[in-house]
Each structure stands twice: as structure tokens, then as C-alpha cells.
Protein chains: 2
Amino acid sequence: MAHSKLSLADFNLRPTACRTEVLSAFQAVDYALSQYDIEQSLSAQFDRVTIYRTLKSFLTQGLIHKVLDDHGSTKYALCKELCHQGEHVHQHDHVHFKCQSCGQTICLETVIIPSIPLPSKFIKHESNLLIQGICEHCNSAT
Amino acid sequence: MAHSKLSLADFNLRPTACRTEVLSAFQAVDYALSQYDIEQSLSAQFDRVTIYRTLKSFLTQGLIHKVLDDHGSTKYALCKELCHQGEHVHQHDHVHFKCQSCGQTICLETVIIPSIPLPSKFIKHESNLLIQGICEHCNSAT
DNA sequence: CTGTGTGCAAACACTTTGCAGGTGT
DNA sequence: ACACCTGCAAAGTGTTTGCACACAG
């Protein structure tokens, strides 16, 4: 699930060493990463704080989005092309699947959350569906 | 949305002052409460730690469940009768609605999460749908 | 050169743990 | 009487802030 030519410049982010590496880390995998995951996966050693700030600026610029995780640490994933279209249209109404075996959380881009009939007077802005279970890898492995 | 005659004894919990008050706090409202919410709503002053432990024992005994919230503090809500049926059947596949105006998170018991077709080899154990928007109160108020 | 990014130290918020004393059964 | 609850203090964990220096444009 490679992400094509995302460049920091396109998001008004100066291409520093840390940012480049963090972006690569996201592009290297197809699941959501926590601050800790990133800290581990970088070749160079960056300060914890710097990674936090990097994530924050990525968030602000719409390069990544927060992934709703099962009360664990906060995770982040790259936004897809869809998200960057339009002005303030930054939708993430897709499904996140957390594997209870390997702990990875992936975005199921292809699965769309069906429209749920809400009681009257409720207005929906955003919805997040977190499904927990066993992912395809772990299901095959065992 | 009153909760009928739930008693601590039924859940193998000694009826202490703190536990009684915390249970009442849950029964008094129809939305999910955080540790902080509870700390504020109690008439008597209990130690923060005691409330944490109270929540933990309530969780263990299946009196309450964690509510998936939008990356804020952890919230809890009373389990309904459904949850207590059966041996280890403790399902919470319902919808949580978080109001972005008042911040309250409520359980929409009546709304059922439709079955989502997952890619093959994925096994679903549990699902949580968090919908964010404006609740009926805030929608009426403004 | 100017503004932004980085590292370090410290502050912060939230939650858990250890221990002595108090309470329910 | 005994086990379990509670309060206080302290330790843990994850995240943010302040400040001086370093780097990109």
C-alpha cells in the first residue's frame, strides 16, 4: 500500500531530517503509528519532543490524521488523496480495524461506513468505526 | 432514562459510601462520565484514587463499561440489562454519540451497528461506532 | 539575516502503586 | 476477626512548554 510522491513542501512543511524520516516511516507501512512506534523505527535518534512536534505540524497541515484506537496510545496515519481534495473537506469517515493479536491498527479505506439513522434532531458531522478482531495476517499465521 | 434497581451487592461489591455515590451519579444522568465528571458530581469529597479504584472494580464486575471517546479522557457508562445476560456475553456493539457542542457522550442503545462486510480473512470480534456531531439538546437550544 | 525547527530540562495531566489505618460482614 | 476499602504520598506514563542554539530559505 505505497503512498505516491507525497512531499513535505506540498504541505508547507520545511523538509528537515526529522520530518523526512517520519514521513518515510509512515510510507513504509500500511498501518497506523504511535509516537512510540515512530521513535523506534527511525534510523537517526530524534528527541521525543521533536517527534511530538513533528506529528503536530503534520496534523495541522493535513498530512496525517488521528486514528481512533481502543483506549491505547494515540495513533496516526497518512491521509489519502481523498482528504486533500476540496477546501476544508477533510473527511475520515472510514473504518479502522485493530487486530487484537498483533495490535496493529489499519485503515480500511475501501470500506465505507453505512449511513446510520439517528434519532431526530441529532446532526452527524463525523463518524468513526473501530472494529476489533483478528487481521488477515494473524488469521493466516495461526 | 432511569436505570432500575441496580444493586452493588448483585455485583459482589460491598456497598460503601463512595461506591453508592458513584453508582448514583451514573444513574442520575443518561450520558457517559469521566473520572473527573464523577469527582465533581459527588456530594461528599472522595479521593481521586478511590474513584479510580471504584471505577476499576465496577469495570471488573461488569457494572460499567468503557466508552470510546474522541481521544479525550476515558469515559464510562452503566451496562444495560443486555450486557448481564449470559455467561461471558458482554457486548457493547452499540453507537456512541459525542456532541461537539456540549461535550457529552451518550449511548444510543437503540441504534444497532449494521454488519459491515470485511475483506476476507478478517474476523470481527467487537465494533465501536463513534458519531460526532450535535445532540438534540444543543440543536434545540441554539 | 530571519523565522522556524530542534534538543534539553522541566512542567503538566492523568493514572497506578505502596502502605497504614478504617470499615463492612 | 478478617478481608477489603480508603486516604495520602509517591512513582509512572504520555504529552506539552520554555528557552537557547542550529538550520532552511
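For the structure given in this document, a descriptive report is provided here.

Reading the values: the criteria
- Residues numbered from 1 in each chain as written.
- Chains lettered and ligands numbered in written order.
- Predicted model: local features only at pLDDT ≥ 70, side-chain atom pairs only at ≥ 80, totals over all residues.
- Heavy atoms only, no water.
- Least-squares fit on C-alpha atoms with pLDDT ≥ 70 in both.
- Contact = heavy atoms within 4.5 Å.
- Axes fitted to C-alpha atoms, helices over the stretch in contact; angles between N-to-C directions.
- Helix = DSSP H or I, 4+ residues; strand = E, 2+ residues; numbered from the N terminus.
- Parallel < 35°, antiparallel > 145°, perpendicular 65-115°, else oblique.
- Nonpolar A, V, L, I, M, F, W, Y, C, P; charged D, E, K, R; others polar.
- Buried area = accessible area lost by both parts, 1.4 Å probe.
- Salt bridge = Lys/Arg side-chain N within 4 Å of Asp/Glu carboxyl O.
- Polar contact = N/O pair within 3.5 Å; in protein donor to acceptor, adjacent residues only side chain to side chain.
- Pairing = 2+ DSSP bridges.
- Near = heavy atom within 4 Å.

### Some details on the relation of the copies chain B and chain A
And then number 1: When chain B is brought onto chain A, the operation consists of a screw motion whose angular component is 180 degrees and whose axial shift is 0.0 Å, with 0.1 Å RMSD remaining. Here the symmetry operator amounts to a two-fold rotation axis. For chain B, the minimum C-alpha distance to the rotation axis belongs to Leu129(B) and amounts to 2.2 Å.
And then number 2: Both copies present the same face, since 100% of the interface residues in chain B are matched by interface residues at the equivalent positions in chain A.

### Re the packing of helix α1 (residues 17-28) of chain B against helix α3 (residues 48-60) of chain B
Residues and elements named next belong to chain B.
And then number 1: α3 packs onto α1 with a crossing angle of 70 degrees between their chain directions and a minimal axis gap of 10 Å. Relative to α3, the element α1 lies roughly perpendicular. Contacts between α1 and α3 pair Cys 18, Arg 19, Val 22, Leu 23 and Phe 26 from the former with Thr 50, Thr 54, Leu 55, Ser 57 and Phe 58 from the latter.
And then number 2: Of the residues contributing to the contact of α1 with α3, the split by class is six nonpolar, three polar and one charged.

### Quick word on the interface of chain B and chain A
And then number 1: Between chain B and chain A, the residue contacts involve 37 residues of the former and 37 residues of the latter.
And then number 2: Summed over both sides, the interface of chain B with chain A buries roughly 3,300 Å², with 66% coming from carbon and sulfur.
And then number 3: Contact with chain A buries surface across chain B, with His71(B), Lys121(B) and Phe122(B) losing the most and accounting together for 20% of the total.
And then number 4: Scanning the region where chain B abuts chain A turns up zero salt bridges.
And then number 5: The interface formed by chain B and chain A includes 14 residue pairs in polar contact (both at pLDDT 80 or more).
And then number 6: Among the elements of the structure, β2 (64-67), β5 (105-112), β6 (123-134) and α5 (136-141) of chain B are those that each provide at least two residues to the side of chain B that touches chain A.
And then number 7: Among the elements that take part in the side of chain B that touches chain A, β6(B) stands out by supplying twelve residues, more than any other.
And then number 8: Partitioned by chemical class, the residues of the side of chain B that touches chain A number 19 nonpolar, eleven polar and seven charged.
And then number 9: In the sheet, strand β6 (residues 123-134) of chain A pairs with β6(B) via eleven bridges, with the strands oriented antiparallel.

### Brief notes about the protein's contact with DNA strand C
And then number 1: What surrounds DNA strand C is a group of 18 residues, the closest being Thr16(A), Arg19(A), Thr50(A), Arg53(A) and Tyr52(B).
And then number 2: Of all DNA strand C atoms lying within 4 Å of any protein atom, the proportion belonging to sugar or phosphate reaches 67%.
And then number 3: In the model, a base nitrogen of DNA strand C is placed 3.4 Å from a nitrogen or oxygen of the Arg14(A) side chain.
And then number 4: Arg53(A) places a polar side-chain atom, nitrogen or oxygen, 2.7 Å from a base oxygen of DNA strand C.
And then number 5: For the surface near DNA strand C, the secondary structure elements donating two or more residues are α1 (17-28) and α3 (48-60) of chain A together with α3 of chain B.
And then number 6: Counting residues per element, the surface near DNA strand C draws most heavily on α3(B), at five residues.
And then number 7: Taken together, the residues that form the surface near DNA strand C break down as six nonpolar, four polar and eight charged.

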